[in-house]
Amino acid sequence: MRKTLLDLLRKSFTPQRSQRKKRFKSLFSKVSARSVAAYARGQLVVFLFLVLMTSACGAQAPVETAAPALTATQSATETPTITMTPPEQASATPMPETPIPTNLPDCTNSAAFVTDVTIADNDIISAGTDFTKIWRIKNTGTCIWGADYTLTHYSEERMFAPASVPLSVTFPSQTVDISMELTAPSADGKHRGYFVIKNPAGLIMKIDNDSRLWVVINVSSQVAAATQNAGSIPVTGGCAFTTDAAKVTETINAVNAYRAENGLPAYTVNDLLTKAATAHANDIACNKLFAHTGSDGSTPNTRAAASGYNTSSVSENVYGSYPPLTGQGAVDWWKNDQTNIQHNQNLLSASYTEIGVGYSFFDNFGFYVLVFATPK
């Protein structure tokens, strides 16, 4: 009975269960279709988003590929920047060396001559030789000198002087060396030129009781000519010695400056004595002799006579060294030589009136010869 009742109940509910299952399957199919469609739409959105992102990244590619061009531009601009900067700094560096001082409107300009640093009055210069004249001047006014103060040629011989030379900054009571490059005239004899200092307004400055600085020289073509001629005199054994007219001129000027300091007149340069002195300088240079007797047994007297110079009294200074001294250095050595005081006595002699100077260089040694004499 009970079983029958259960069977009846199963049978009565079976259709209902079957219908519910069908409805559920139908609903699940619809839901699944919708889910798939929604999922597909979501995947499509994601895909489109990725496409857009990829497209956007692809649009930036030209910028990234342009980066090397930017790097190239930077490296190109860095190159001139690196090379151009030092010259700009170098060109700016010298500017502070010659500033233009600022002066009060009522400051005064005046100067005093101190000394000739180079080329004393009546120094002997070979014809056509370039030389540097330097004056030492003191600022005795209240104005500060600067590059707007200039030294210019004023009168007589210009000696190829530049248009003007600017002064260095010089405060009151200070001294300054003013240098000018000049060229000796080609004609023998005494030559002079006058120069003045001008303030920024172009007015000539007072210097002591005058307003001029000057250069006075004795031009001689004999020194260079005699040196060249003596160079052709045969020397025993022969050697490739060289002469130096500049050293000869320096020696002459040093001797006459020393005489002027001691109140004595300058020696006159004689071309025949110069020829004799140069011949002996060549001889002792080639034969390494430190003596007054030549390799051929000649003496100062016989060499002077052989050159054609007529005199009854001759003396001679000789000096040789390695490395060679300057002309001034050789004169200083003779002045201070205590072994043979005759050297200094010859430099300051009141008996001799003319000299000849020779210089020869060979095998790294330099030899000086001074011949002193008075013509008959």
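The preceding data block contains the structure.
Residues numbered from 1 in each chain as written. Predicted model: local features only at pLDDT ≥ 70, side-chain atom pairs only at ≥ 80, totals over all residues. Heavy atoms only, no water.

1. Some points on the overall build of the chain
The line we're drawing: The way it works is that DSSP assigns letters per residue, a run of H or I at least four long becomes a helix, a run of E at least two long becomes a strand, and they are numbered from the N terminus. Summary of the burial criterion: residues with accessible area below 20% of their type's maximum are buried, those above 50% are exposed, and those between are partly exposed, where the area comes from a 1.4 Å probe applied to protein chains only. In this description, contact between two residues means that some pair of their heavy atoms is separated by no more than 4.5 Å. Values of accessible area rely on a 1.4 Å probe in the Shrake-Rupley scheme; residue burial ignores everything except the protein chains shown.
Summing up its helical and strand segments, the chain has 7 helices and 14 strands in all. By the burial criterion, 33% of the 376 residues in the chain qualify as buried. Across the chain, the fraction of contacts at a sequence separation of at least 24, relative to all contacts at a separation of at least 6, is 73%. About 21,600 Å² of surface is accessible on the chain, with carbon and sulfur atoms providing 59% of the total.

2. Some remarks on the state of the cysteines
Spelled out, the test is: Pairs of cysteine sulfur atoms within 2.5 Å are what we label disulfides.
Scanning the model with the defined rule gives 1 disulfide in all. The disulfide bridge from cysteine 107 ends at cysteine 143, spanning 1.9 Å between sulfur atoms. Taking the sign of the torsion about the S-S bond as the criterion, the disulfide between cysteine 107 and cysteine 143, at about 90 degrees, is right-handed. Of this pair, cysteine 107 sits in the loop between helix H1 (2–92) and strand E1 (110–118) while cysteine 143 sits in the loop between strand E3 (130–139) and strand E4 (150–156), and the two are 36 residues apart along the sequence. With relative accessibility at 21%, the residue cysteine 107 sits in the partly exposed group. Note on cysteine 143: relative accessible area 1%, which makes it buried.

3. Re the layout of surface pockets
It is a probe the size of a water molecule, rolled over the atoms, that shows where empty space is left. Condition: The way it works is a 1 Å grid over only the protein atoms, where trapped points that fit a 1.4 Å probe form a cavity and open points with protein on both sides within 12 Å along at least five of seven lines form a pocket, and then any residue with an atom within 4 Å of a point lines it. Grid points are joined across faces, edges and corners, and a volume is the space filled by probe spheres set on the points. Under the grouping applied here, Gly and all other residues not named as nonpolar or charged are polar, the nonpolar ones being Ala, Val, Leu, Ile, Met, Phe, Trp, Tyr, Cys and Pro and the charged ones Asp, Glu, Lys and Arg.
By volume, the largest pocket is sized at about 550 Å³. Of all elements in the fold, only E1, strand E2 (123–126), E3, helix H3 (245–261) and helix H6 (327–336) reach the threshold of two or more residues within the lining of the largest pocket. Among the elements that line the lining of the largest pocket, the one with the most residues is H3, at 9 residues. Of the residues contributing to the lining of the largest pocket, the split by class is 10 nonpolar, 8 polar and 7 charged.

4. Some details on H3
Rules: Working rule for helices: expected span equals 1.5 Å times residues minus one. Any N or O atom pair separated by 3.5 Å or less is treated as a polar contact, with the protein-specific requirement of one donor-capable and one acceptor-capable atom, and with residues adjacent in sequence counted only for side-chain atom pairs.
Across its 17 residues, H3 extends 25 Å between first and last C-alpha, which sits within 8% of the 24 Å expected from 1.5 Å per residue. Of the residues making up H3, those classed as buried are Val248, Thr249, Thr251, Ile252, Asn253, Ala254, Val255, Asn256, Tyr258 and Arg259. Its side-chain oxygen 3.0 Å from the backbone nitrogen of alanine 246, aspartate 244 forms the N-cap of H3. Just downstream of H3, glycine 263 is the residue with a positive phi angle, here 70 degrees.

5. Quick notes on the pairing of E1
Quick reminder of the rule: DSSP calls a pair of strands paired once it identifies at least 2 bridges connecting them.
Both E1 and strand E8 (residues 206–207) contribute to a ladder of 2 bridges, which runs parallel. Bridge pairing in E8 places serine 110 opposite lysine 206. With 6 bridges connecting them, E1 and E3 associate as antiparallel partners. Pairing of alanine 112 across the sheet is with lysine 138, part of E3.

6. Considerations on the sheet that holds E2
Spatial ordering of the open sheet is given by E2-E9-E7-E4-E5, a layout of 5 strands whose pairing is mixed. Looking at which strands have only one partner, the edges of the open sheet turn out to be E2 and strand E5 (165–166). The pairing of strand E7 (residues 189–198) with strand E9 (residues 213–220) spans 7 bridges and is classified as antiparallel. By the bridge assignment, glycine 189 is partnered in E9 with valine 219.

7. Focus: helix H4 (residues 271–287)
Taking 1.5 Å as the rise per residue, H4 with 17 residues should run 24 Å; its terminal C-alpha atoms sit 24 Å apart, in good agreement. A distance of 2.8 Å separates the backbone nitrogen of leucine 272 from a side-chain oxygen at the start of H4, and that oxygen is part of asparagine 270. Once H4 finishes, lysine 288 follows within two positions and takes phi at roughly 50 degrees, a positive value.

8. Let's talk about the pattern of salt bridges
The cut-off we apply is this: Here a salt bridge means any side-chain nitrogen of Lys or Arg lying within 4 Å of a carboxyl oxygen belonging to Asp or Glu.
Scanning the entire structure with this criterion turns up 7 salt bridges. The salt bridge partner of aspartate 116 is lysine 133, with a shortest N-O separation of 2.7 Å. Of this pair, aspartate 116 sits in strand E1 while lysine 133 sits in strand E3; the two residues are 17 residues apart in sequence, bridging distant segments of the chain. Since its relative accessible area comes to 24%, aspartate 116 is described here as partly exposed. On the basis of relative accessible area, lysine 133 is assigned to the buried category, the value being 0%.

9. Describing the side chain of aspartate 283
Using the following cut-off: His is not counted here, nor are the chain ends, while Lys and Arg score as positive and Asp and Glu score as negative.
Tracing the chain through its elements places aspartate 283 in helix H4. Buried charge without a partner: aspartate 283 forms no salt bridge, and the closest opposite charge is arginine 303, 5.8 Å away.

10. Observations concerning the packing of aromatic side chains
Put simply, the rule reads: Stacked, edge-to-face and tilted labels apply to pairs of Phe, Tyr and Trp rings (six-membered ring for Trp) whose centres lie within 6.5 Å, assigned for plane angles under 30 degrees, over 60, and everything in between, in that order. A positively charged side chain is recorded as over a ring if its NZ (Lys) or CZ (Arg) lies within 6 Å of the ring centre. The angle to the ring normal must also be within 35 degrees.
Under the definition given, this model contains 10 aromatic pairs. A centroid spacing of 5.1 Å and a plane angle of 45 degrees characterise the contact between phenylalanine 290 and phenylalanine 367, whose relative ring orientation is tilted. On the criterion of sequence distance, the pair formed by phenylalanine 290 in the loop between H4 and helix H5 (300–306) and phenylalanine 367 in strand E14 (residues 365–375) is long-range, its members being 77 residues apart. Aromatic rings pair up to connect Phe290, Tyr322, Phe365 and Phe367 into one cluster. Over the ring of tyrosine 194 we find arginine 212; its NZ or CZ atom is 4.3 Å from the centre of that ring. In this structure, arginine 259 is placed above the aromatic ring of tyrosine 267, and the distance from its NZ or CZ to the ring centre is 3.8 Å.

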